[in-house]
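Working through the structure, step by step
As a plain string of letters, each chain reads:
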Amino acid sequence: MADFAVDHVVIQTPDREAFVAAVAAGSGLPILQGYAPQGVVQSSGLRFANGPFLDVFGAPEPGTALILGGGGVEAAERLAVERGWRVRLLRRTEQPADAPDYPWDMALFRRDQGLLTRISIIEYADDPEAWARPDFSGGLYRSPPQGQARLARVWLATREIERARADLAAFGYDGGAEATSAFWPHRGLGLSGPSCDIVLVEGPEAVVRLDITTAAGPARERRPADAPVLVFDEP
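Owing to the predicted nature of the structure, the values given are computational and were not obtained by experimental measurement. (Residues numbered from 1 in each chain as written. Predicted model: local features only at pLDDT ≥ 70, side-chain atom pairs only at ≥ 80, totals over all residues. Heavy atoms only, no water.)

Spatially, 8 strands are ordered β2-β3-β4-β1-β5-β8-β7-β6 in an open sheet, and the strand pairing comes out mixed. Both edges of this open sheet fall to β2 (32–33) and β6 (87–90), since each of them pairs with a single strand only. Taken together, the 5 bridges between strand β3 (residues 43–47) and strand β4 (residues 53–58) define a ladder with antiparallel strand orientation. Across the sheet, the residue bridging to S44 is V56, located in β4. Helix α1 (residues 16–27) contacts β1 (5–13), β3 and β4 of the sheet and is inclined by roughly 15 degrees relative to β3. (Pairing = 2+ DSSP bridges. Helix = DSSP H or I, 4+ residues; strand = E, 2+ residues; numbered from the N terminus. Contact = heavy atoms within 4.5 Å. Axes fitted to C-alpha atoms, helices over the stretch in contact; angles between N-to-C directions.)

Following this line, the structure appears as structure tokens:
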């Protein structure tokens, strides 16, 4: 079985710049430009020292998604067949001529599958031509890990914790010990993974909190409006 590591977290929030600035101020990481079609910046974010990054979009309605990488979309499709998941593959080579020319393939899990519908699999193109368009040249998607701040844990809310636990185990996330915290949501089910850990908590399906380690201490919390809670340097 291929292990799928957390690649990035997609966040939609009405105040993109304020949220990204809050993460940058707490982590010391530089802000990087993300998707910018025709030179109009639609997303920005930060890449952590352990590899994952945040891709933050401005949007009237808040929303979140977890993107896993490393296993590839074909491996995701095989896993979906084994598990009885409904999945749709988006391949660069099979898109209409007028579709955005994204430099990656994706596996998207269809609706009504619990937390799985908030998770996608990404496989990046490795040819330079795929990355030549200025839409993706801002650094967020191709920059190497930088700084010292690490994305330690992603807290995911779900109405079906045992189902989510089994689905994430199929991606290579194991464990199940109780995770506790001085900050909301205080406790959950901890799962360990290749790039960062995941904590499952009760609630409507979403990314609800990001734990960032900077080694600067002390522990502190930020609660941006309409975006995941930020917790820095909790032991």
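This is not the end of the story, as more comes after the structure.
Turning our eyes to something else, we now look at the pairing of strand β7 (residues 104–109). For β7, the buried fraction is high: 6 of the 6 residues fall into the buried class. Going residue by residue along β7, you find W104, M106 and L108 tucked away on one face and D105, A107 and F109 tucked away on the opposite face as well. Sheet analysis places β6 next to β7, joined by 4 bridges and oriented antiparallel. Among the inter-strand pairings, V87 is bridged to a residue of β7, identified as F109. Here β7 runs beside strand β8 (residues 119–124); their pairing, made up of 5 bridges, is antiparallel. Within the sheet, the bridge partner assigned to M106 lies in β8 and is I122. (Buried < 20%, exposed > 50% of the residue type's maximum accessible area, 1.4 Å probe, protein only.)

Before going further, it helps to spend a moment on the pairing of β8. When strand β5 (residues 63–69) meets β8, the two strands line up parallel, connected through 4 bridges. The partner of L66 across the bridge, within β8, is I119.

Counting residues in hydrophobic clusters, the biggest one holds 49 residues, and the most contacted among them are L66, L68, V154, L168, F171, L200 and L210. Excluding residues within four positions of it along the chain, L200 makes contact with L115, L156, I161, A164, R165, L168, G188, L189 and L191. By size, the runner-up hydrophobic cluster in this structure holds 17 residues, among which are F53, A65, F136 and Y141. (Core = buried A, V, L, I, M, F, W, Y, C linked by side-chain atoms within 4.5 Å.)

As a further point, take the layout of surface pockets. If you add up the space inside the largest pocket, you get close to 860 Å³. Surrounding the largest pocket, 33 residues form its lining, L90, W104, M106, L108 and S120 being those nearest its centre. Going through the elements one at a time, β1, β4, β5, β6, β7 and β8 are the ones with two or more residues in the lining of the largest pocket. Size it by volume and the second largest pocket reaches roughly 240 Å³. Around the second largest pocket, the lining is made up of 15 residues, and of these T64, A206, V207, V208 and A227 lie nearest the centre. Those elements giving two or more residues to the lining of the second largest pocket turn out to be β1, β5 and β13 (206–213). Sort the elements by how many residues they give to the lining of the second largest pocket and β13 lands first, with 3 residues. (1 Å grid on protein atoms, 1.4 Å probe; cavity = no way out; pocket = protein on both sides within 12 Å on 5 of 7 lines; lining within 4 Å. Points joined across faces, edges and corners; volume = space filled by probe spheres on them.)

Limitation: the analysis is restricted to geometry and does not speak to function.
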